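# A look at the structure
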Amino acid sequence: MQAISSPSVAWPRRKLLLLTSCAGASLALPAWAQSGAKPRRIVSISGAMTEVVFALGAQNMLVATDTTSLYPEAAQKTAKVGYMRQLSAEGLLSLKPDAVIGTTEAGPPVVLDQVRSAGVQVELVKADHTWAEVGRKVQVVGKAAGLDAQARALQARLDAQWAATQQQVAKAARKPRVLFILSHSATPQVSGGATAANAVILYAGGVNALTGFDGYRPMTAEAMASAAPEVILSSTQSIDAHGGVDKFWQRPELALTPAFKRKALVTMEASKLLGFGPRLPDAVREIHEKILLA
Amino acid sequence: MMARWSARTVWLAGLGLLAMALVAGSAQGAYAISPAQLWHVLRDMVGGSDNPTPEHLVFVNIRLPRLLLGVAAGAGLGLAGALMQGLFRNPLADPGLIGVSSGAALAAASFIVMGNLWFPDLPRALGSWTLVSMAFMGGLVVTFLIYALAQSQGGTRMGLMLLAGIAVNALAGAGLGYLSFLATDEQLRNLQFWLLGSLGGARWSAVVLVGAVVILACGAGLTLARPLNAIALGEAQAVLLGVDVERTKRWAIWVCALAVGAVTATTGMIGFVGLIAPHWVRMVAGPDHRIVLPGSALLGAALVLAADAVARTAVKPAELPLGVLTAFIGVPMFLFMLRHFRGRV
C-alpha cells in the first residue's frame, strides 16, 4: 500500500491495476454482476424477445412481459403490462426497469416517449418479417441484459440451424401453393403479401396462393377457389376457435380448393409460427416438411 | 324531501369534490409515490430542483398532465351535456347528438385503418398529432353537416336537428362497422382502444391545447345560462322575453362541438359523463342553467378523475379502458340518485 501511494509511481501502476482488474471481471462475470449483485431489470413487450431472454438464461432479470409473451410457460407467470399497443407509462415505470425492449409495433409512442424521458432505456426492434429480424432481437436482448457474448453464441447456434433449414428447403423438388388462414375472431382472414405468414410460407419453400394485395383480407368462397391452394396453413388457436379440424373443413369457402380433397391442413401454435423468435428455424423446417407431405 | 341546493352550495360541493378527486388522483398510481415524497415533489416544483428524483419525473411528466387532462375532459363533456340537454329541452340529449363524437370516431377510424394507404409517411399511431387533428376536424365537419341539414326558413329547427343527428350518427356507425370489417387485427385493436377512451396519451402540449379550448368553452357556455333558462319555457316564449334564440342555438352548438371535439380527439370516446353529470346537478339543485352549467362541468371533471384513478390502478402495471369505467362508476351512482330523488325527475 505504501509503495503505490508514493506520487512518482502511483498513477501508472494504479491505472494498470484498475484496468486489469476490470478486464478480469468482465471475462469472468456477466455484465450485471459487475455493477453489484443487483441483476438488471428488463420489461419485454414482445413474445419473441421474451423467448430470447429465456434462451439466454436471463429470466431472473425479466420483471414483466406483455400479453403476447406466452412461451415458455414461465413467461405467463410474470407480471403483465397489458397489450403491447396500449401500454401505460406509469405502469411500466412502477416496475423500475433498466430497459424496456420490444418491437416497433409497441405503443402508443407518447407512452414510450414518457418512459424514455424518465431515463429508462427503450429498445425497439423493427419488425419486417425477415431472418435478420430474429438476429436484431437477439442482439438487443443481449445488450439490454448485458450478455453480449452469450447473445453472440446463441446467434451463432441459430444461424447454423437456419443454414441447415435453408439447405433442406433448397433441395425440395416442388413448391406447394400454400394459403394461410387466421381466424382468432369470427371472420376468418387470409394472408396476402407483407405479413409474417407470407414470409414463413416463402422461407418454408412454399408459394403464397394469394398474391396481389398486402396484409389480411376476409376469406370468401370465390377468392379461395381462384387461389387454388394445395395446402392450408393455420394456427392451432384458429382451429381451436373453430371447434376442431372437422368443423374447420366444413367451412363452405374451402370446399372448392385442391387442399380440401386431401384435407391438407398444416397447423402450428401461433407464437411459434408467426412470432419471429428463436424458434423460427424449427418452425420453418417443420412447416417445410409438413407442406411437402400434406 | 330535501331542500334544493343553492348556487353557492353547488359551487362549493363541486369544487370540493374536484379537489378531493385531484388529491386522491395525485396520491394514486401504478408508480408508488408516498405522501411524503409527493410533498417533496410539490415543493421542488415550486422551488425548482437541479436533481429531480424518479418520483419527481413520474409525477411532473406523467401523472400531473394526466390529471389535468382528466379535469379538462370531464369539464368539457359535462358542460357540453348540460348545454345540449338545455338546448334540445330533452333529458336524453348528450353531446353525441350533434354528431361531434361520431364524426371524430369515424375520422379516427378512417385514419387508423386507411391511413397507411392515404398518408404513408405520417405517424399513424394512437395519440399522434395527425390522428388528433383528423378526429377533431371530423367532429366539426359532421356537426356542420347536421347543423346545415337542420336549417329551415332562416332558422335552426331543433326537431329537424334531432332527427338529422340520429340519421347521420347511424351513417357514421355504419362507416365504423365497414372500417372495422376492412381493418387488420392490429388496426382493430387500435380502433377498439380508441373507442373506449384513455387519458394515457396525456402530455403537456395536449393539456395546454385542450385546457385552453375547454376554458374558452366554459366561459362562452356560462353566458348562455340565461338564454337557455328562457328557452326552457319554449322558443316562442324566449323570443317574447327578448332572447336571441337563433344566436343562442348557434353558440351552444359550436361551443359544444369545439369542447367535445377537442376532448374526444385527444382521449377517444369517454361515454356517459355528458349524459349523467347534468341530471345529477338538476336532481340536487333544480333546472336553473346558471347552476346546472358550472355544476355539470365540475361534476364531470370529478367523475372522470375518479374513473381514471381506477383505470390507472385496478390492473397495474396494465391499464383499464376509461370509457368502460365512467359507465361502471357513473351508472350505479346515477341509479342510486334516481331512486333517492325520484320525486324530482
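Model, not experiment: these values are computed from the prediction.

Moving on to the overall build of chain B. A tally of regular secondary structure across chain B gives 14 helices and two strands. Expected size for 345 residues packed as a compact globule is a radius of gyration near 20 Å; at 21 Å, chain B falls within 12% of this value. With the C-alpha coordinates of chain B rotated into their principal frame, the extents come out at 65 × 55 × 35 Å. The buried share of chain B, reckoned over its 345 residues, is 51%.

Hydrogen bonds between backbone groups are what pair the strands of a sheet, and the pairing can be parallel or antiparallel. All names here are of chain A. Spatially, the five strands line up as an open sheet ordered E3-E2-E1-E4-E5, and their pairing is parallel. The outermost strands of the open sheet, each flanked by one partner alone, are strand E3 (79–80) and strand E5 (121–125). Note: strand E1 (residues 42–45) against strand E2 (residues 62–65), three bridges, orientation parallel. The partner of Ser44 across the bridge, within E2, is Thr65. On top of the sheet, helix H7 (residues 131–145) reaches E1, strand E4 (99–103) and E5; it is set at about 165° to E5, its chief contact.

A word on the pairing of E1 of chain A. Residue and element names in this part refer to chain A. Of the two faces of E1, the one carrying Ile42 and Ser44 and the one carrying Val43 and Ile45 are both buried. A crossover connection joins E1 to the parallel E2 through helix H4 (residues 47–55); in handedness this β-α-β unit is right-handed. Here E1 pairs with E4 via four bridges, running parallel. Of the residues in E4, the one forming a bridge with Ile45 is Gly102.

Before going further, it helps to spend a moment on the interface of chain A and chain B. Taken residue by residue, the interface counts 26 residues in chain A and 26 residues in chain B. Mapped by element, the contributors of at least two residues to the side of chain A that touches chain B are E3, helix H5 (89–94) and helix H6 (109–117) of chain A. At six residues, the largest contribution of residues to the side of chain A that touches chain B is made by H5 of chain A. When its residues are assigned to classes, the side of chain A that touches chain B shows 14 nonpolar, nine polar and three charged.

All names here are of chain A. Here helix H15 (residues 280–293) is 14 residues long and its end C-alpha atoms lie 20 Å apart, about the 20 Å a rise of 1.5 Å per residue gives. Listed in full, the buried residues belonging to H15 are Leu280, Pro281, Ala283, Val284, Ile287, His288 and Ile291. On an axial view of H15, the arc spanned by its buried residues comes to 160°, and they lie on one face.

Moving on to the packing of helix H12 (residues 273–285) of chain B against helix H14 (residues 322–340) of chain B. Residues and elements named next belong to chain B. Axis separation between H12 and H14 bottoms out at 11 Å; the angle between their running directions is 25°. Put simply, H12 runs roughly parallel to H14. Crossing of H12 over H14 shows left-handed handedness. Between H12 and H14, the contacting residues are Val273, Ile276, His279, Trp280 and Met283 on the first element and Thr326, Gly330, Phe334 and Met337 on the second. In terms of residue class, the contact of H12 with H14 is made up of six nonpolar, three polar and no charged.

Let's shift gears to the domain arrangement of chain A. All names here are of chain A. According to the domain assignment, chain A contains domain 1 (42–167) and domain 2 (172–293). Its C-alpha centre places domain 1 at a distance of 27 Å from the equivalent point of domain 2. When contributions to the side of domain 1 that touches domain 2 are tallied by element, the ones reaching two or more residues are H4, H7 and helix H8 (148–170). Element by element, the count of residues in the side of domain 1 that touches domain 2 is highest for H4, at five residues. When the residues that make up the side of domain 1 that touches domain 2 are grouped by side-chain class, the tally is eight nonpolar, five polar and three charged.

Residue and element names in this part refer to chain B. At a closest axis distance of 9 Å, the pairing of helix H4 (residues 100–118) and helix H7 (residues 185–196) adopts a crossing angle of 155°. With respect to H7, the element H4 is oriented roughly antiparallel. Considering how the two elements wind past one another, H4 and H7 form a crossing that is right-handed. Residues Ala105, Ala108, Ala109, Ile112 and Val113 of H4 form the contact with H7, whose own contacting residues are Gln187, Asn190, Leu191, Trp194 and Leu195. Partitioning the contact of H4 with H7 into residue classes produces eight nonpolar, two polar and no charged.

Cut-offs and rules
Residues numbered from 1 in each chain as written. Chains lettered and ligands numbered in written order. Predicted model: local features only at pLDDT ≥ 70, side-chain atom pairs only at ≥ 80, totals over all residues. Helix = DSSP H or I, 4+ residues; strand = E, 2+ residues; numbered from the N terminus. Rg over C-alpha atoms; globule rule 2.2 N^0.38 Å. Buried ≥ 20, exposed ≤ 12 C-beta atoms within 10 Å, placed from the backbone. Pairing = 2+ DSSP bridges. Contact = placed C-beta atoms within 7 Å. Axes fitted to C-alpha atoms, helices over the stretch in contact; angles between N-to-C directions. Right-handed = clockwise from strand over helix to strand, strands pointing away. Nonpolar A, V, L, I, M, F, W, Y, C, P; charged D, E, K, R; others polar. Expected span 1.5 Å × (residues − 1). Arc of directions from axis to C-beta. Parallel < 35°, antiparallel > 145°, perpendicular 65-115°, else oblique. Left-handed = near helix turned anticlockwise from the far one by under 90°. Domains from an automatic or database assignment.

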